[in-house]
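The lines below spell out each chain.
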Amino acid sequence: MTSPAFAALATRERTTTILGGEATDANLRRYLHGIPGIDAVGLEQRASGLGTRSIKTSSKRWAIDKIVSLIDLTTLEGADTPGKVRSLVGKAVAPDPSSPDCPRVAAVCVYGDMVGAAVEALGSAHSARTPETPDAGIRVAAVATAFPSGRASLAVKLADVADAVNAGADEIDMVIDRGAFLSGRYGQVFDEIVAVKAACAREGGPDAHLKVILETGELNTYDNVRRASWLAILAGGDFIKTSTGKVAPAATLPVTLSMLEVVRDWHRLTGVRIGVKPAGGIRTSKDAIKYLVTVAETVGEEWLTPQLFRFGASGLLNDVLLQRQKMTTGHYSGPDYVTID
Amino acid sequence: MKFLDYAPAPESQALLNLKPDYGLFINGDFQLGNGTPFSTISPATEKQIAMIASATEADVDTAVAAARRAYDRTWSRLSGSDRGKYLFRIARLMQERARELAVAESLDNGKPITESRDVDVPLAAAWFFYYAGWADKLDYAGVGPNPAALGVAAQVIPWNFPLLMLAWKIAPALAAGNTVVLKPAETTSLTAMLFAEILQQADLPNGVVNIITGAGATGQALVNHPDVNKVAFTGSTAVGRMIARSVAGTDKKLTLELGGKGANIVFDDAPIDQAIEGIISGVFFNQGHVCCAGSRLLVQESIHDEVIDRLKARMNTLRVGDPLDKNTDVGAINSAEQLQRIRELSDIGVQEGAERWSPDCVLPQEGFWFAPTIFTNVSTSHRIARDEVFGPVLSVLTFRTPAEAIAKANNTPYGLSAGIWSDKGSRILAVADKLRAGVIWANTFNKFDPASPFGGYQESGYGREGGRHGLAAYLAPAVRPGSRSKTAAVTTAAAAAKGDTAKVSADKAASARKKATK
């Protein structure tokens, strides 16, 4: 089957074609375990090699602005309040008040009950996507499905999702059931993702985009990360995301590289582009630039757009802004010259 | 703009403090050579970097005499731990001057700065550290208690890893108690000259290491010199053969590290993305100027097309260009002569019916360049599958069963290196057991460590460098009273009998250290 033909199929149908059968535990197992393995040493070596690229002058300036526009500015604390979310939104809209040409971030990422507050605070800056303006405005992303552990019944998870979607979330960041995945119940993980994807549908408006969090820190091996990535994509995820940020290690460059390789292979197989979101642990511009390099040299530069790549981060933005000021003024300022959100 | 057109990120040459002319380093000093000096150029620009002296037979004689004198009077009388102190000091100085050495190496050789910075120079220092530790533990080198040094070692090294090959040769020789006359390759003498400065900085006793520069004739005069006890050569099989012939019938001990046509075997259960990286680093590392390069890819037929697709996609991201740019993956070919050979063999590949492919890449106008190239549809009888190209050229062959992979991998007059890619540990061990190659990498390629011996089968040479075996190559069993003694031991004994009281103590070493670190 050719790539365009794949793209036209509905998720279930496409998966059945690829697996050569229904998405049962046995079929999924056969498929996922047939994917070539990963040599950990080689993967880490490749990632560190990409990390040695030297991004200077005009390339660095471009990269800095690009990073800002790819950030999902995040607050996921038990202590979050509408006031905290408003402050975050203010930062998202004008990351650097002293520099009006600073790009806006891609989205704000909050818990489900804060979606309303985020939408309200964004006001006109929050415009839902239309086919004509796919990049317009700042999006609201909500974590759901009993984030971060995912330990709740499917009914509760779906209610969580529906709640966020109804409150106006443009994107849903779900967690997979790592327990089910690690015990080989791939079918269950698959069905849950499919159900959540269905719950992302919105009447009279665009569906919420689905990011599937693998929580790679709990999957432990690169082979598991690769299988979970395939599973999430087969089940219809629009994005695959490394981590909740609540488990260490969160995003690492080798893990992100291995997920990008899956995305590249999926595009090769089906012609469909899937997004990748490393989240948690990326705190400096220097690190973020390594991710841009890894994306560009693995899947291609066309992935460096908010539809296909995001950073899940909070502290990163201020370090990037400091670098940005440094590149403009020629000297370093300090943490008091960027705002806390 | 395109992000992937990374802005230039050139490594600064500001810390290089090169002289316009370099002499021969004999007896601790730079002296004029009697031959006509020649220029060393940057292969990336063809611009002259410096003038290098050329050693004649008379100069070789002076150098060997200096080495002999140093052996008799100082080096052979130092304790192992004192020799070790000098080696440690050299290693530390190399680390201190690492950036400078890396820039000089990339300038003179054409290899990317990332390689000289991350591989060549750190490994060269590691070699000295490793053998520094051996200097006072020679009893455990495997040649019995109280082993003796051989005497004066004549060492001739190639242009592909100038500083690293120098370290491979000099470090074990000195640790074992020998003195050295070394000749770097004609096109890449620069870092050897900087190394000579480091030896001065380290206050190494005069004459312990002598570095003479020049063309092939200089090397020939050196290995043929009658007062040399050991010959170590790394380079082409043709020259190695010549040396073996000239050394035959003499008392000289010989190690040869020659060419190769390494097989990189990829099984259908290989970790595919890492295998692709391994193929790339196996043959494009250092522009393919690597004797142990994985220049023959043996890929299981069932995954051939997929591997080639992925390989081509990966090759499209290789950056060919300025060796001093920190984002360059593939640098310049070392010399016009080598470029000519690579072109010739590649053209023959096409004539023989193989299919040639290179990514689109713009090569600079000046200098010597060759785009990374793969040949598919290669059969075992093709010259590109048999001859060492010593350039960024990969020949792809297929196999169906492990037995066929082993047979094809072994079907070469060489036997230096091989790689195996498979997720199945038992298969890796079973295949490795049957491959005739000095070094076999499993799920990796082109990895070096001073503790690991390196060397080849058949036309890849004999003797081992690195590890305990590399040390033993510079040692002879102890001379027992009454038995027939070796030349070197006799010389030492004779010198001692004459009452020569030259003595270098640890005090001297301590004062030198102060000098070195100021």
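Residues numbered from 1 in each chain as written. Chains lettered and ligands numbered in written order. Predicted model: local features only at pLDDT ≥ 70, side-chain atom pairs only at ≥ 80, totals over all residues.

As annotated in an unreviewed UniProt entry, chain B is Aldehyde dehydrogenase family protein from Cryobacterium melibiosiphilum. The annotation that UniProt attaches to chain B under Sequence similarities (unreviewed entry) is "Belongs to the aldehyde dehydrogenase family." (UniProt positions renumbered as here; feature names shortened; annotations may be inferred.)

Per an unreviewed UniProt entry, chain A carries the name Deoxyribose-phosphate aldolase and comes from Cryobacterium melibiosiphilum. Quoted straight from UniProt, the Sequence similarities (unreviewed entry) entry for chain A says "Belongs to the DeoC/FbaB aldolase family. DeoC type 2 subfamily." You can read under Pathway (unreviewed entry) in the UniProt record for chain A the words "Carbohydrate degradation; 2-deoxy-D-ribose 1-phosphate degradation; D-glyceraldehyde 3-phosphate and acetaldehyde from 2-deoxy-alpha-D-ribose 1-phosphate: step 2/2."

So, on to the overall build of chain B. What chain B contains, in helices and strands, is 17 helices and 20 strands. For chain B, the C-alpha radius of gyration of 23 Å lies close to 24 Å, the compact-globule estimate for 518 residues. Burial analysis of chain B (518 residues in total) assigns 57% to the buried set. Across chain B, contacts joining residues at least 24 apart in sequence account for 74% of those joining residues at least 6 apart. (Helix = DSSP H or I, 4+ residues; strand = E, 2+ residues; numbered from the N terminus. Rg over C-alpha atoms; globule rule 2.2 N^0.38 Å. Buried ≥ 20, exposed ≤ 12 C-beta atoms within 10 Å, placed from the backbone. Contact = placed C-beta atoms within 7 Å.)

What follows deals with the sheet that holds strand S7 (residues 275–277) of chain A. Residue and element names in this part refer to chain A. Judged by pairing direction, the sheet is parallel, and its eight strands sit side by side in the order S7-S6-S5-S4-S3-S2-S1-S8 without closing on themselves. Looking at strand neighbours, the two that pair on one side only are S7 and strand S8 (311–313), the edges of this open sheet. Here the strands of the sheet are splayed against their neighbours by 25° on average, with no regard to which way each runs. (Pairing = 2+ DSSP bridges. Axes fitted to C-alpha atoms, helices over the stretch in contact; angles between N-to-C directions.)

Attention now goes to the nonpolar core. By size, the foremost hydrophobic cluster in this structure holds 109 residues, and its most contacted members are Ile71, Val108, Ala118, Ile172 and Leu231 of chain A. Not counting chain neighbours up to four residues away, the residues in contact with Ile172 of chain A comprise Ala142, Ala144, Val161, Ala164, Val165, Val196, Cys200, Ala208, Leu210 and Lys211 of chain A. Grouped together as the second largest cluster of nonpolar side chains are 101 residues, Leu24, Ala70, Leu166 and Leu471 of chain B included. (Core = buried A, V, L, I, M, F, W, Y, C linked by C-beta atoms within 7 Å.)

To continue, consider the sheet that holds strand S4 (residues 38–41) of chain B. All names here are of chain B. Strand order in the open sheet formed by three strands is S1-S5-S4, and the pairing between neighbours is mixed. Because the sheet does not close on itself, it has two edges, and the strands there are strand S1 (21–22) and S4. Summarising the sheet, S1 and strand S5 (residues 48–52) pair through two bridges and their orientation is parallel. By the bridge assignment, Tyr22 is partnered in S5 with Ile52.

Attention now goes to helix H15 (residues 316–329) of chain A. Residue and element names in this part refer to chain A. Spanning 14 residues, H15 covers 20 Å between terminal C-alpha atoms, matching the ideal 20 Å at 1.5 Å per step. For H15, the complete set of buried residues consists of Leu316, Leu317, Asn318, Asp319, Val320, Leu321, Leu322, Gln323, Arg324 and Gln325. Along its buried surface, H15 packs onto helix H5 (57–69), strand S1 (71–74), helix H14 (285–298) and S8. In the stretch just after H15, Gly330 is the one whose phi turns positive, near 90°. (Expected span 1.5 Å × (residues − 1).)

So, about the interface of chain B and chain A. If you look at the interface, chain B gives 21 residues, while chain A gives 24 residues. If you tally residues by element for the side of chain B that touches chain A, the top one is helix H9 (residues 272–284) of chain B, at five residues. Looking at the side of chain B that touches chain A residue by residue, the class counts come to nine nonpolar, seven polar and five charged. (Nonpolar A, V, L, I, M, F, W, Y, C, P; charged D, E, K, R; others polar.)

With that settled, consider the packing of helix H4 (residues 40–50) of chain A against H9 of chain B. For any two helices packed against each other, one specifies the crossing angle of their axes together with the interaxial distance. The N-to-C vectors of H4 of chain A and H9 of chain B enclose an angle of 60°; their axes lie 9 Å apart at closest approach. Accordingly, the angle class assigned to the pair H4 of chain A and H9 of chain B is oblique. Note that H4 of chain A runs across H9 of chain B; the crossing there is left-handed. Contacts between H4 of chain A and H9 of chain B involve Gly42, Leu43 and Arg46 of chain A on the former and, on the latter, Gln274, Glu277 and Gly278 of chain B. Taken together, the residues that form the contact of H4 of chain A with H9 of chain B break down as one nonpolar, three polar and two charged. (Parallel < 35°, antiparallel > 145°, perpendicular 65-115°, else oblique. Left-handed = near helix turned anticlockwise from the far one by under 90°.)

Residue and element names in this part refer to chain A. Residue Pro148 is reached from Phe147 by a cis peptide bond, and omega for that bond is -5°. With respect to the helices and strands, Pro148 occurs in the loop between strand S3 (139–143) and helix H8 (154–166). In this chain, Ala248 is followed by Pro249 through a cis amide linkage whose omega measures -5°. Of note, Thr57 is a non-glycine position whose phi angle comes to about 40°, a positive value. If you trace the backbone, Thr57 turns up in helix H5. Exposure remark for Thr57: the 12 C-beta atoms within 10 Å place this residue in the exposed category.

Let us now look at the pairing of strand S13 (residues 296–300) of chain B. Residues and elements named next belong to chain B. With five of five residues buried, S13 is to be regarded as a mostly interior element. Where burial is concerned, the two faces of S13 agree: the one with Arg296, Leu298 and Gln300 and the one with Leu297 and Val299 are both buried. As defined by bridge partners, strand S12 (residues 263–266) adjoins S13 across four bridges and the pair is classed as parallel. What sits directly across from Asn264, in S13, is Leu297. In terms of handedness, the path from S12 via H9 over to S13 forms a crossover that is right-handed. Examined bridge by bridge, S13 and strand S16 (residues 393–399) share five bridges and lie parallel to one another. (Right-handed = clockwise from strand over helix to strand, strands pointing away.)

Moving on: the environment of Met94 of chain B. Residues and elements named next belong to chain B. With respect to the secondary-structure elements, Met94 resides in helix H2 (residues 80–96). Looking at Met94, the number of C-beta atoms within 10 Å reads 25, which means it is buried. Separated by 186 residues in sequence, Met94 and Ile280 place their C-alpha atoms 29 Å apart. Apart from residues no more than four positions distant in its own chain, Met94 is found in contact with Leu101, Val121, Ala124, Ala125, Phe128 and Ile198.

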